[in-house]
Amino acid sequence: MVVFIILFFHGNKLQAQSYFFERVYDETLAQASFVIGDLNTKEAIVIDPKRDIDTYLEIAKINNLKIIKATETHIHADFLSGSRELAAATGAELLLSDEGGTDWQYQFPHTGLKEGSIIFIGQVEISVMHTPGHTPESITFLVRDTKVPVTPQRAITGDFIFVGDVGRPDLLEKAAGQEGSQELGAKQLYASIQKFSKLPDDLEIWAGHGAGSFCGKSLSTIPHSTLREEKQNSKAFQFKNDEKGFVHYILNGQPTPPKYFAMMKHLNKVDRPLLIQVPIHPTLNPTSFQKAIDNKLLIIDTRNKNEIAKAHIPGSLHIENGKSFSTWVGSLIDYQHQIVLITDENHMEDLTRKMMRIGMDNIYGFVISLNKMNVALEKSDLVNIEELKKHLNKKDVQIIDVRTESEYDNGHIKGVENIVLTSLEKNIQKISKDKPVIVHCQSGVRAAMAYSILRRNGIKNLSIYLGGINEWTEQKNELTR
């Protein structure tokens, strides 16, 4: 829990502002949500909740709060919002943006918010500012303690203003298929920044994402900032009276959004099934697992890349469990698949949460003892750094770097071609079936994923260089650009 007490002078009197404020941060999607409450009335609101809402119910219980309202800054593309689950579990009023025009309205019952709307949580006043650009309906919440006769003390900016960056305006076009929308969004974002810049310089900025999110290109790891600091340090604020320059800057160099963003945009906008509790999925026995294999369910092996290399199910997809698991699942897997996850017992709940946060609910079950499943296993073919060197600059071997374009451009092994992991399957025709193929990445994690994708697509003469760029540079080998 964080209780903010801010002391300042109004006239000649020292005054204090105090209310409950807690930031909840999901490192797996670099996503922040906020609980704001009145310490006297014990009422609370949750802004941009994740889908596994037990976190907020526990916060409310521990701090003797009653969640009476739930809201969002915009229709999210990177995670499945839990505002509807939270409203269903608590009876909270669901407050959502009615800005953005008819194409960007929430298509389920809610109380609409517009520019100038005010939400009261006891003595806490939360006013709505329409800040389009990242999305047409995007709103910012300006938070003020009404016992303090000054302007708002902090802003919950969602994907509008980040620490060190601003939200990208190209997602509607690149992820949701709204052709021609990115330049309009960039111009709207520019206007929103100019409008927001007129607020007090000491206004605290609490953003919806941190470093690791695909919702911007240079997000900071710092959880909050001030408007003064952003004006001084964020490049996006340096284009006063230069809309054209800003549009070019903000649209240039944005990372390719994960495939699942389009699905999140859809599911966050329309009516959908709710998950009030974190699901409990069965542990499969050998018979049920064999049936899943026979029925061609998608098997995702979430173990460490070194374990997977020693023994794995032929045809399984390898996505190592880590902070980026949700993003990789959403980037590589179709939502129509029914899924079996290979892991250990301690990670079952963690993986379920990561899957449900992006709406990937079609889990058939878990396998926690692969060596007891009575199924044939195979090893990955590995090459070490010396073997890799022997194959360099030879036409009879295809070596593929599966990192992103920007990583590749910043430095790669000479003579190695670049096919980004997320585009590997659609570029399968570029992969040789006649000569040996070696894949590598930064540390081996993505290479293991690439190996499994290629094997599933019929590439047999295949090896992994697990050491990747990290080992290559540690041994003082040169990179080329």
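Cut-off values and rules
Residues numbered from 1 in each chain as written. Predicted model: local features only at pLDDT ≥ 70, side-chain atom pairs only at ≥ 80, totals over all residues. Heavy atoms only, no water. Domains from an automatic or database assignment. Salt bridge = Lys/Arg side-chain N within 4 Å of Asp/Glu carboxyl O. Helix = DSSP H or I, 4+ residues; strand = E, 2+ residues; numbered from the N terminus. Buried < 20%, exposed > 50% of the residue type's maximum accessible area, 1.4 Å probe, protein only. Contact = heavy atoms within 4.5 Å. Pairing = 2+ DSSP bridges.

**Regarding the domain arrangement of the protein**
1) Next: With domains assigned, the protein is organised as domain 1 (19–269), domain 2 (286–372) and domain 3 (382–475).
2) Next: Each of domain 1 and domain 3 was reduced to a C-alpha centroid, and the two centroids are 39 Å apart.

**Comments concerning the pattern of salt bridges**
1) Next: Taken as a whole, this structure holds 23 salt bridges when the rule is applied.
2) Next: A salt bridge links Lys-195 to Glu-115; its shortest N-O distance comes to 2.9 Å. Residue Lys-195 is located in helix α4 (residues 181–196), and its partner Glu-115 is located in the loop between β7 (111–113) and β8 (118–121); the two are separated by 80 residues in the primary sequence.
3) Next: Among the residues examined, Lys-195 registers a relative accessible area of 31% and is labelled partly exposed.
4) Next: Glu-115 gets classed as partly exposed once you look at its relative accessible area, which sits at 42%.
5) Next: The partner of Arg-455 in a salt bridge is Glu-378, and the shortest N-O contact between them spans 3.3 Å. With Arg-455 in helix α14 (residues 445–456) and Glu-378 in the loop between β19 (363–367) and α12 (385–391), this residue pair connects regions lying 77 residues apart in the sequence.

**Comments concerning the side chain of His-440**
1) Next: Along the chain, His-440 turns up in strand β22 (residues 437–440).
2) Next: Dropping the residues within four chain positions of it, His-440 is found in contact with Ile-399, Ile-400, Asp-401, Val-402, Ile-413, Val-416, Ala-447, Tyr-465, Gly-468 and Ile-469.

**Things to note about the pairing of strand β20 (residues 398–401)**
1) Next: In β20, alternate side chains face the same way, and those of Gln-398 and Ile-400 on one face and Ile-399 and Asp-401 on the other are all buried.
2) Next: Here β20 pairs with β22 via four bridges, running parallel. Residue pairing across strands places Gln-398 opposite Val-437, the latter belonging to β22.
3) Next: Pairing of β20 with strand β21 (residues 417–418), which is carried by two bridges, proceeds in the parallel orientation. Pairing of Ile-400 across the sheet is with Glu-417, part of β21.

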